[in-house]
Amino acid sequence: MMRQEIPLSAGWKFALKPLDPQWLKENATPKGSPAPGEAPDWCDIDIPHSFEMLPFNNFDETCYQKKGTYCREFRTPEIPQNSLVFLEFEGVSVSCSVWL
């Protein structure tokens, strides 16, 4: 089988806040409450993305020491049995945690 690449860089939601562990629980969003990515403090972005526009010199190091959360929905294609699937991140700064 040929290799298939599916770009996922468009259509993300971003909030400049750490992940809320409640979002990881199944059916955790109470009825009438916005799901992650749907509240007003989330914005639409494409990646690559930067939390903060930084100057090339004379900047305060604390201005980029923040936590943010990205979310995106996507459909997976049919994957043949015994196939390998890779999710590749090319621009993570320092560290990240991923949930699918």
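This structure is a prediction, so every number in the text was calculated from the model and none was measured.

A.B. asks: Got a sec to walk through the overall build of the protein chain? Specific residues and values, please.
C.D. replies: From N to C terminus, the protein chain includes 0 helices and 3 strands. Whereas a compact globule of 100 residues would reach a radius of gyration of roughly 13 Å, the protein chain reaches 17 Å, over 25% beyond that. Residues counted as buried form 8% of the 100 residues belonging to the protein chain. A separation of at least 24 residues holds for 75% of the contacts in the protein chain among residues at least 6 apart in sequence. Split by element, the accessible area of the protein chain, about 9,300 Å² in all, is 52% carbon and sulfur.

A.B. asks: Mind laying out the pattern of salt bridges, listing which residues take part and the relevant values?
C.D. replies: The final tally for this structure, using the stated rule, is 2 salt bridges. The partner of aspartate 44 in a salt bridge is lysine 13, and the shortest N-O contact between them spans 2.6 Å. One end of the pair, aspartate 44, is in strand S2 (residues 43-45); the other, lysine 13, is in strand S1 (residues 12-15), with 31 residues separating them in the sequence. Take lysine 13: its relative accessible area is 29%, and that puts it in the partly exposed class. Between lysine 17 and aspartate 41 there is a salt bridge, with the nearest N and O atoms lying 2.7 Å from each other. Of this pair, lysine 17 sits in the loop between S1 and S2 while aspartate 41 is found in the loop between S1 and S2, placing the two residues 24 residues apart along the sequence. With a relative accessible area of 24%, lysine 17 lands in the partly exposed category.

A.B. asks: I'd like a rundown of the packing of aromatic side chains, residues and numbers included.
C.D. replies: Enumeration according to the criterion identifies 2 aromatic pairs in this entry. Judged by centre distance (6.4 Å) and plane angle (85°), the ring pair of tryptophan 12 and tyrosine 70 falls under edge-to-face. Here tyrosine 70 lies in strand S3 (residues 69-71) and tryptophan 12 lies in strand S1, a separation of 58 residues in the sequence. Accessibility expressed as a relative area gives 16% for tryptophan 12, which makes it buried. Its relative accessible area of 30% is what places tyrosine 70 among the partly exposed residues. Ring geometry for phenylalanine 14 and tyrosine 70: centres 4.8 Å apart, planes at 45°, overall tilted. Pair noted here: phenylalanine 14 is in strand S1 and tyrosine 70 is in strand S3, with a separation of 56 residues, a long-range link. For phenylalanine 14, a relative accessible area of 6% corresponds to the buried category. Aromatic ring contacts, followed pair by pair, group Trp12, Phe14 and Tyr70 into a single cluster.

Rules used in this analysis
- Residues numbered from 1 in each chain as written.
- Predicted model: local features only at pLDDT ≥ 70, side-chain atom pairs only at ≥ 80, totals over all residues.
- Heavy atoms only, no water.
- Helix = DSSP H or I, 4+ residues; strand = E, 2+ residues; numbered from the N terminus.
- Rg over C-alpha atoms; globule rule 2.2 N^0.38 Å.
- Buried < 20%, exposed > 50% of the residue type's maximum accessible area, 1.4 Å probe, protein only.
- Contact = heavy atoms within 4.5 Å.
- Areas by Shrake-Rupley, 256 points an atom, 1.4 Å probe, with all protein chains shown as cover.
- Salt bridge = Lys/Arg side-chain N within 4 Å of Asp/Glu carboxyl O.
- Phe/Tyr/Trp six-rings, centres within 6.5 Å; stacked < 30°, edge-to-face > 60°.

Without other data, these values stay purely geometric and don't point to any function.
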